[in-house]
Structures are given as structure tokens and as C-alpha cells.
Amino acid sequence: MMKNKKWFSFIVCMIGVMIFGARCEAEAPGASEKFAKLCEQMVKTQIEARGVKSKIVLDALRKVERHKFVPQTYQRQAYEDHPLPIGEGQTISQPYIVALMTEVLDLDSTKKVLEIGTGSGYQAAVLAEICHQVYTIELIEVLGKRAEKLLADLGYENIRVRVGDGYKGWKEYSPFDAIIVTCAPSHIPRPLKDQLAEGGKMVIPVGETFNQKLVLLAKKQGKIVEENIIPVRFVPMMRHDGKEY
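It should be emphasised that the depicted structure is a prediction, and the values quoted were computed from it without experimental measurement. (Residues numbered from 1 in each chain as written. Predicted model: local features only at pLDDT ≥ 70, side-chain atom pairs only at ≥ 80, totals over all residues. Heavy atoms only, no water.)

A. Seen up close, the side chain of Gln-46. Its place among the elements puts Gln-46 in helix α2 (residues 31–47). Judged by relative accessible area, Gln-46 falls into the buried class, the value being 8%. Beyond its immediate chain neighbours, meaning those up to four positions away, Gln-46 contacts Gln-41, Tyr-79, Glu-80, Asp-81, Pro-95 and Tyr-96. (Helix = DSSP H or I, 4+ residues; strand = E, 2+ residues; numbered from the N terminus. Buried < 20%, exposed > 50% of the residue type's maximum accessible area, 1.4 Å probe, protein only. Contact = heavy atoms within 4.5 Å.)

Take a look at the structure:
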């Protein structure tokens, strides 16, 4: 019994050292400068090089510290060219996809935006650097609450987070000048179309897991015009009962 206790104490100690070490590494002198260089490299090689030209989008991506939106385990990879897990079976999107989806909405400081799928809060932060007000909905409570706290800690006063079913949108604050959806339903939700303002745009991934396309919608004279952008792969849009939309 005593031997087992010693092993248990040793394991707890080692876990504590690992956690402390990870925190020390993240907060080490020079870490901010290192992450800033990685961020700049990300913008130049992954985003500008692929054709994203909007200055306000590029500036927002330079300003938002992406490594703060991923678990410490993945902070070293935060500025690499791929999605990363954030827990609960969800991911933070590839930087280029975040940039592309933001750019196609033609945003500015007067816009009110609805985001479906808060996740880590990174996309909401990018939007908040550009827009007047951001409303974001997350189905998974632990992610929604975590993102809400992080965004508040980072000083974002123009983001409102709600835990709920994104398929239904946020009618109370509609219509929205733009809607961005970061999870893929099998079809475009009718409530989101209805909550899009005249002249507004919505970008959304649509389709089954291995057959999705990114779609841009524009509302013109009450009618929805659709344009396919690129093939993509997002996590599915889920319901409260665990089934997919």
C-alpha cells in the first residue's frame, strides 16, 4: 500500500511539473516576440500568398493572438497551416479559412455580425477587430463559457456570447449585416436566411462530412443569391439531441 502511495505521489508531482513547465514556456521572456513573428509569417505565407487582399482582414489577423485561443499543448502549432483541436470534439479553423470567410463578407466598422459556432472564440475576435458588434452562438456550453471568459479577459466589449442552438440564429438582434457559420449543416438554415439584412451576406459550409462546399449568399431585393467558393471540411452542425442538422 505504501509503495502504491509513493508511486501516486510521484505521478502527481510529475504532472504538476509538466503543467508548470508548459505555463512557464508560454510565459517565458521573449515568448510574445516569438509568437508575433510566427503570426506575421502566417499572414504573409498562408494568407496573403493565397490571395487574401483586404487590409482590414490582414490587420485583424495580425492583431489577434491566435495562440491564446488553443490549449497550451498546441500553442507551438497555433500559427501553422491547419486546424487544431480545442476540446469537445471541436477545432479552431485553419488560418486561411478564417481569413477567406471574413474577407468575402465585405465587412467594415458599421456592420453587425452573427457567428454560428463560437468554438475557441478566435473567429469572433477577428470579427470584433473589424465590426461594430459581434453576436456569437455556441451549442456546447463548456466551449461557450470558456470563449466568453477569454474574450472578456482580452478586453472585447463588442462581442456577445450565447449558449444555444445556432441553427435558429438570434432573432432578438436581427437583422444582421453579415452571418458567418463555422459548422456545416446538410442544408442552409431557413432562420439564418430570414435574419440576414437586405444587402447582407452570409458565408456557410454546407454538405456531408466528405462532400462540403463553402457557400456565399447575398440578399438582394429580398431574394437569396448563392455562389460556391471552395470545397471545405468542417465539423457538422449539431442539435441539442446529438443529431446532425
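B. Representation of the sheet that holds strand β4 (residues 133–138). Strand order in the open sheet formed by seven strands is β5-β4-β3-β6-β7-β8-β9, and the pairing between neighbours is mixed. Both edges of this open sheet fall to β5 (159–163) and β9 (223–232), since each of them pairs with a single strand only. Sheet twist, expressed as the average angle between the axes of neighbouring strands with direction ignored, equals 15°. Sheet topology places strand β3 (residues 112–116) next to strand β6 (residues 176–181); four bridges connect them, and they run parallel. Within β6, the residue paired with Glu-115 across the bridge is Ile-180. (Pairing = 2+ DSSP bridges. Axes fitted to C-alpha atoms, helices over the stretch in contact; angles between N-to-C directions.)

C. How the structure looks around the environment of Pro-71. For Pro-71, the position within the fold is in the loop between α3 (55–63) and β1 (84–87). Assessed through its relative accessible area of 29%, Pro-71 is described here as partly exposed. Apart from the residues within four sequence positions on either side, Pro-71 is in contact with Pro-85 and Ile-86.

D. How the structure looks around the pattern of salt bridges. Counted under the stated rule, the structure contains twelve salt bridges. As a salt-bridge pair, Lys-55 and Asp-59 come within 2.7 Å of each other at their nearest N and O atoms. Linking Lys-55 with Asp-59, this pair stays in helix α3, spanning four residues, or about one helical turn. If you follow the salt bridges from partner to partner, you end up with Glu-40, Lys-44, Glu-48, Lys-55, Asp-59 and Arg-62 in one network. (Salt bridge = Lys/Arg side-chain N within 4 Å of Asp/Glu carboxyl O.)

E. Just helix α5 (residues 122–130), in detail. Here α5 lies mainly inside the structure; eight of its nine residues are buried. When α5 is considered as a whole, its buried residues turn out to be Tyr-122, Gln-123, Ala-124, Ala-125, Val-126, Leu-127, Ala-128 and Ile-130.

F. Here's a closer look at the environment of Arg-160. Along the chain, the position of Arg-160 falls in strand β5. The sequence separation of Arg-160 and Leu-114 amounts to 46 residues, and the corresponding C-alpha distance is 9.7 Å. Ignoring anything within four residues of it in the chain, the contact list for Arg-160 reads Gln-133, Val-134, Tyr-135, Thr-136, Trp-170 and Tyr-173.

G. Layout of the packing of aromatic side chains. Within the structure shown, the criterion is met by seven aromatic pairs. Each ring, one from Phe-69 and one from Tyr-122, has its centre 5.7 Å from the other, and the planes form 70°; the classification is edge-to-face. One end of the pair, Phe-69, is in the loop between α3 and β1; the other, Tyr-122, is in helix α5, and 53 residues separate them in sequence. Phe-69 sits in the buried class, given a relative accessible area of 6%. Measuring from ring centre to ring centre gives 4.5 Å for Tyr-135 and Tyr-173, while their planes differ by 25°; the resulting arrangement is stacked. Of this pair, Tyr-135 sits in strand β4 while Tyr-173 is found in the loop between β5 and β6, placing the two residues 38 residues apart along the sequence. Residue classification places Tyr-135 among the buried residues on the basis of a relative accessible area of 9%. (Phe/Tyr/Trp six-rings, centres within 6.5 Å; stacked < 30°, edge-to-face > 60°.)

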